[in-house]
Amino acid sequence: MSRRLLVALASLAAGLGLVLWACSARAEDRAAPRFLGVYRCSAYCPCARCCGRWARHRRTASGIPARGALVAVDPRVLELGSRVHVQGVGPRLCADTGRAIKGKRLDVLMPTHAQARRFGVKWLGVWEVEEE
Ligand SMILES: [Zn+2]
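Cut-offs used in this document
Residues numbered from 1 in each chain as written. Predicted model: local features only at pLDDT ≥ 70, side-chain atom pairs only at ≥ 80, totals over all residues. Core = buried A, V, L, I, M, F, W, Y, C linked by C-beta atoms within 7 Å. Buried ≥ 20, exposed ≤ 12 C-beta atoms within 10 Å, placed from the backbone. Helix = DSSP H or I, 4+ residues; strand = E, 2+ residues; numbered from the N terminus. Contact = placed C-beta atoms within 7 Å. Pairing = 2+ DSSP bridges.

(A) View of the nonpolar core. Counting residues in each nonpolar core, the largest one holds 25 residues, and the members touching the most others are Tyr44, Val71, Val73, Cys94, Leu106 and Leu109. For this core, the secondary structure elements donating two or more residues are strand 1 (34-44), helix 2 (48-51), strand 2 (70-73), strand 4 (90-96) and strand 5 (105-109).

(B) Representation of the environment of Glu128 in the model. Tracing the chain through its elements places Glu128 in strand 6 (residues 122-129). If sequence neighbours within four positions are ignored, Glu128 has contacts with Pro33, Arg34, Leu36, Ser82 and Val84.

(C) Broad picture of the environment of Ala32. Here Ala32 shows up in the loop between helix 1 (3-26) and strand 1. For Ala32, a count of 9 C-beta atoms within 10 Å translates into the label exposed. Taking the C-alpha atoms as reference points, Ala32 and Val129, separated by 97 residues in sequence, lie 7.3 Å from one another.

(D) Quick look at the pairing of strand 4. Within strand 4, five of the seven residues are buried, which leaves it mostly tucked inside the rest of the structure. With three bridges joining them, strand 2 and strand 4 adopt parallel strand pairing. What sits directly across from Leu70, in strand 4, is Leu93. One ladder, built from four bridges, connects strand 3 (residues 83-86) with strand 4; its direction is antiparallel. Its bridge partner being in strand 4, Val84 is matched across the sheet by Arg92. Connecting strand 3 to the antiparallel partner strand 4 that follows it, the hairpin turn spans three residues, and Gly88 within it adopts a positive phi of roughly 80°.

The analysis is restricted to geometry; functional conclusions fall outside its scope.
Here it is as structure tokens:
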């Protein structure tokens, strides 16, 4: 089996896991958004400067494509597949991880490198939100 095929299969398996998790989470009761605290927020894009060798795959740690309303989180702090509302940014799916993203930190995915650079570093309030 080729290495590329193995990577594709691994991504598929991770994606399926996320979907199954999302379905099981749906059954839980819907509470009001829970304030999680103030997080150090930076931004990134799917380019090689931001993602290194992972940029080639354009995929997140959870296996879904690196585009749309995503954030990278520390999975020990925020579970992959959970949804958060980031102050001034909006609702985001926790779907990626990053080597530098440890503890109360978020990395907001931006469509372009220029937008990621412009975002800089901000301290923003984060709420956990239930999926609709
Ligand atoms: Zn970039």
